[in-house]
Amino acid sequence: GNRLIESLPYNLTEAQLKVLAEIRKDMSSNRVMNRLVQGDVGCGKTIIAFLSLIDIVAKGYQGALMVPTEVLATQHYDNLCELKEKYNLQINPVLLTGSVTAANKRKIYASIEAGEANIIIGTHALIQEKVIYNKLALVITDEQHRFGVKQREKLSGKGETPHILVMSATPIPRTLAIILYGDLDISVIDTMPSNRLPIKNCVVDRNYRPNAYKFIENQVRNGHQAYIICPMVESMEEGENNSDLCDVISYSKMLSEELPADIKVEYLHGKMKPSEKNSIMERFARNEINVLVSTTVIEVGVNVPNASMIVIFNANMFGLSTLHQLRGRVGRSPRRAYAYFCFKRGRQLSEISAKRLEAIREYTEFGSGFKIAMRDLEIRGAGSILGGE
């Protein structure tokens, strides 16, 4: 782990080093770790997870990392394999998701049970009955709010009281976190990598579209990439009043016609086969796709540093947490990034939607997730905690 930290092409921030020290202290003590690591989108939680897994393997044990989507699991696995090759790490990672073929699953199960596979990355496929671990000593769940308590317990029950590390980019004010996760110690990564520039935010109505297309073309010509987010997969039945809503399939077709022919536009949504989704994300990561039109399936964790622009259509339909997570897909490199939140002026922009768009425009600095969470609570209200309701 320390050799890797010294070799990395970037320095870990003080906050990352502090959190890593807390994790290492827990894992070398005689008590079982139960720790929540909170940090805003893009603050560098993934490398902390990788270092913790590498540490546990060095002690002769297995570690597991469970994430909510196959796209993210594949990306983590590829990144870890790249680190293994580049720095000659003594680890043997495997990828376990629902779309792995039955024959490959049997091989992976056997290598996990024999202890040959020592870092297991995957979706909730990690907790199925057939998976028997050899010496599971560390369990990490990423974006933990996506997993139920039962799912987390099921994974932690797979080992002999393994260390538990829970990671979340969904900011919860500290006092509330203590109430919700009273059994967990809390670590916070509260600084961003020093070479990041704040994302330029823009809340615009639909008349801005022609300018957005020019801007996308300009970004692509400079070697960068763009995300376009639509709320729906495809148009509803004819006759329904959906003319105001953008959908992924028809929008990507329209965009291909609007943009010059050499700009490669593809679409991605949750109903596609996992293999298709992974293939598209891999091609996007390699810059073979310039513009990716997607639903919120890319909301959690996806990391393509070369993407410098995101346009979110019908932004008034999304919650603040989702808007903040989506914006966090860009600005993951030292270059300036841009986020456009588009809406249609008119009656359907409710007072709450207007407040949300105002909040996302107002809180532009890195680490603003906690402020956004508080603003979200103010806008939505806390609900009825006591009483008949």
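Our subject is the structure that appears above.
If you're wondering where the values come from, they're calculated on a predicted model, not measured in any experiment.

A. Geometry of unusual backbone geometry. For N88, which is not glycine, the phi torsion reads 50° and is therefore positive. Mapped onto the secondary structure, N88 falls in the loop between α4 (70–87) and β3 (93–96). The backbone of N287 shows a phi angle near 65°, a positive value even though the residue is not glycine. Considering the arrangement of structural elements, one finds N287 in the loop between α10 (274–285) and β11 (291–294). Its relative accessible area of 30% is what places N287 among the partly exposed residues.

B. Geometry of the packing of aromatic side chains. Evaluated as defined, the whole model comprises five aromatic pairs. With 4.9 Å between their ring centres and 55° between their planes, Y251 and F313 make a pair best called tilted. With Y251 in helix α9 (residues 248–258) and F313 in the loop between β12 (307–312) and α11 (320–327), this residue pair connects regions lying 62 residues apart in the sequence. The same class applies to Y251 as to F313, namely buried. A cation over an aromatic ring shows up here: K135 above the ring of Y61, its NZ or CZ 5.4 Å from the ring centre.

C. Geometry of the nonpolar core. In this structure, L4, I23, I48, L83, L138, I140 and L165 are the most contacted members of the largest nonpolar core, which totals 41 residues. Elements that contribute at least two residues to this core include exactly α1 (2–7), α2 (14–28), α3 (45–58), α4, β4 (119–122), β5 (136–142) and β6 (163–168). For L83, the contacting residues outside a window of four places in its chain are L4, L8, I47, F50, N88 and L89. Grouped together as the second largest cluster of nonpolar side chains are 32 residues, M281, A315, L323 and A337 included.

Rules used in this analysis
- Each chain carries its own residue numbering, running from 1 in the direction its sequence is written.
- Only residues with pLDDT of at least 70 are given local features in this predicted model, and only at 80 or more are side-chain atom pairs given and counted; all residues enter the totals for whole chains, interfaces and linings.
- The side-chain quantities take in all heavy atoms of the structure and omit both hydrogens and water.
- Strands are runs of DSSP state E lasting at least two residues, helices are runs of H or I lasting at least four, and both sets are numbered from the N terminus onward.
- Classification of residues uses two cut-offs on accessible area relative to the type maximum, computed with a 1.4 Å probe and protein chains only: under 20% is buried, over 50% is exposed, and between them is partly exposed.
- Two aromatic rings, drawn from Phe, Tyr or Trp (for Trp, its six-membered ring), form a pair once their centres lie within 6.5 Å of each other, and the interplanar angle then sorts them: stacked below 30 degrees, edge-to-face above 60, tilted otherwise.
- Charge-over-ring placement is defined geometrically: NZ (Lys) or CZ (Arg) within 6 Å of the ring centre, and within 35 degrees of the ring normal.
- Only buried Ala, Val, Leu, Ile, Met, Phe, Trp, Tyr and Cys residues count toward a nonpolar core, and they belong to the same one when joined by side-chain atoms within 4.5 Å.
- The contact definition used throughout considers only heavy atoms, calling two residues in contact when any of these lie within 4.5 Å.

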